[in-house]
Amino acid sequence: MATRKTAESAKTPARAKSTTTARPRRARDSLSREIIVAAADRVVEREGLDRLTFQAIGEELGAHPTSIYRHFRDKDELLLALIDTLRARSYSGAMVRTDDWLADLRTQAHLIHDHYMRYPEFALQMALRRPTDLSSMEYSIGALRRGGFDREQATLYARALGQLIRSASSIQAALTALPADVQDADELTWQMDLRKIDAEEFPEIAWAGEVLPDVRDPRAWETALDLLLESIARHAPGT
């Protein structure tokens, strides 16, 4: 096979040379942070977060990877900028104050949860590296303040609420980001283990039986949110 390839190359040297011509590179001054972030978004959507590199972004833009360093000092800075961009795309300006402070907190929770489910590849990074943002914190503190909570309570509850919402959302989103065959295999294993469970060792689980919700059951998220908001409402001054 190698001999044949060498012989063919010798016969058509001009053609072989033309096929290896590199495509023109993009001008360095034509890049911007916004253009690079948009390209990174496309790379992740197509190939996954693990494949996000300056090399991949450079290929996406037709630019040399080193030109990206003029705008971002490293991949971590780029990743944080991308996370902020996706968050703004999901709910920037959507948190509108109403006369119902508790309903406002519920709306905020759904916006954050939907955002995580929309970008499951980034779920854990968003929860760990960008656990909150100023506009979201401003909104939740304002809602709790209108609920009658003092400064210490409002700020503490806002932080606790944000952490619990993002924790639950990131776990659920990360599960959906797993390959479909992995999700199906885990579900099958769970169902088989449940059928073989020792009723003497796990009497309560055996009692629950087939009504025990799956870990991906969306009702778990809604129920957790209801319980959380009901608890906050009970602690509101004057309640």
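Keep in mind that this is a model prediction, so the values were computed, not measured.

Thresholds, definitions, all that
- Residues numbered from 1 in each chain as written.
- Predicted model: local features only at pLDDT ≥ 70, side-chain atom pairs only at ≥ 80, totals over all residues.
- Heavy atoms only, no water.
- Helix = DSSP H or I, 4+ residues; strand = E, 2+ residues; numbered from the N terminus.
- Buried < 20%, exposed > 50% of the residue type's maximum accessible area, 1.4 Å probe, protein only.
- Contact = heavy atoms within 4.5 Å.
- Areas by Shrake-Rupley, 256 points an atom, 1.4 Å probe, with all protein chains shown as cover.
- Core = buried A, V, L, I, M, F, W, Y, C linked by side-chain atoms within 4.5 Å.
- pLDDT = per-residue confidence, 0-100.
- 1 Å grid on protein atoms, 1.4 Å probe; cavity = no way out; pocket = protein on both sides within 12 Å on 5 of 7 lines; lining within 4 Å.
- Points joined across faces, edges and corners; volume = space filled by probe spheres on them.
- Nonpolar A, V, L, I, M, F, W, Y, C, P; charged D, E, K, R; others polar.
- Salt bridge = Lys/Arg side-chain N within 4 Å of Asp/Glu carboxyl O.

Can you walk me through the overall build of the protein in this structure?
Looking only at helices and strands, one finds 12 helices and 0 strands in the protein. Moving toward the C terminus, one meets the helices and strands of the protein in the order α-α-α-α-α-α-α-α-α-α-α-α. Within the protein, the fraction of its 239 residues that count as buried is 33%. Partitioning the intrachain contacts of the protein with sequence separation of at least 6 by distance along the chain shows that 71% fall at a separation of at least 24. When the accessible area of the protein is evaluated, it comes to approximately 15400 Å², of which 55% is carbon and sulfur surface.

Is there a simple way to think about the nonpolar core in this case?
The tendency in soluble globular proteins is for nonpolar side chains to be buried side by side. Core analysis: the largest hydrophobic core is formed by 50 residues, its most contacted members being Ile36, Ile57, Phe72, Leu78, Trp101, Phe122 and Leu144. Of all elements in the fold, only helix 3 (33-47), helix 4 (54-61), helix 5 (75-91), helix 6 (101-118), helix 7 (123-129), helix 8 (134-146), helix 9 (151-177) and helix 12 (218-234) reach the threshold of two or more residues within this core. In terms of residue count, the dominant contributor to this core is helix 5 (7 residues). Not counting residues up to four positions away in its chain, the partners in contact with Phe72 are Arg33, Ile36, Val37, Phe54, Glu77, Leu78 and Ala81.

What should I look at first to understand the confidence of the model for the protein in this one?
Regions with low pLDDT carry predicted coordinates that are not meant to be interpreted in detail. The share of residues in the protein with pLDDT of 70 or more is 87%, and the mean pLDDT across the chain is 87. Within the protein, helix 1 (residues 2-11) has the poorest average pLDDT of any element, 40, and helix 6 the best, 96. Across residues 1-21, where pLDDT falls below 50, the model places 0 contacts with residues more than four positions away in sequence or in other chains.

Just checking my understanding: could you explain the environment of His64 for this structure?
Here His64 is to be found in the loop between helix 4 and helix 5. For His64, a relative accessible area of 43% translates into the label partly exposed. C-alpha separation for the pair His64 and Phe54, spaced 10 residues apart in sequence, amounts to 8.8 Å.

Is there a simple way to think about empty space enclosed by the protein in this case?
Unoccupied space between atoms shows up once a probe the size of one water molecule is rolled over them. Tallied over the entire structure, the rule returns 2 cavities of 30 Å³ or more. By volume, the largest cavity is sized at about 100 Å³. Along the walls of the largest cavity sit 14 residues, with Thr132, Ser136, Ala158, Gly162 and Arg166 positioned nearest its centre. Looking at the lining of the largest cavity, the elements with two or more residues in it are helix 6, helix 8 and helix 9. Counting residues per element, the lining of the largest cavity draws most heavily on helix 9, which supplies 7 residues. Along the lines of polarity and charge, the residues of the lining of the largest cavity split into 6 nonpolar, 6 polar and 2 charged. Taken as a whole, the second largest cavity spans an internal volume of roughly 40 Å³.

How should the pattern of salt bridges be read in this particular structure?
Opposite charge on two side chains permits pairing when their charged atoms draw close. Per the stated rule, a full pass over the model turns up 17 salt bridges. Asp84 is the salt-bridge partner of Arg87, the closest N and O atoms lying 2.9 Å from each other. Here Arg87 and its partner Asp84 are both found in helix 5, 3 residues apart, which amounts to about one turn of the helix. The exposure class assigned to Arg87 is buried, which follows from its relative accessible area of 13%. Notably, a salt bridge pairs Asp133 with Arg87, separated by 3.9 Å at the nearest N-O pair.

Before we go on, may I ask you to explain the side chain of Ser169 in this structure?
Secondary-structure assignment places Ser169 in helix 9. A residue is classified by how much of its surface remains accessible, and Ser169, at 0% relative accessible area, is buried. Ignoring anything within four residues of it in the chain, the contact list for Ser169 reads His113, Tyr116, Met117 and Trp221.

Which parts of the structure should I look at to understand the side chain of Ser170?
Within the fold, Ser170 resides in helix 9. In contact with Ser170, not counting residues within four places along its chain, are Tyr116, Ala123, Leu124 and Ala127.

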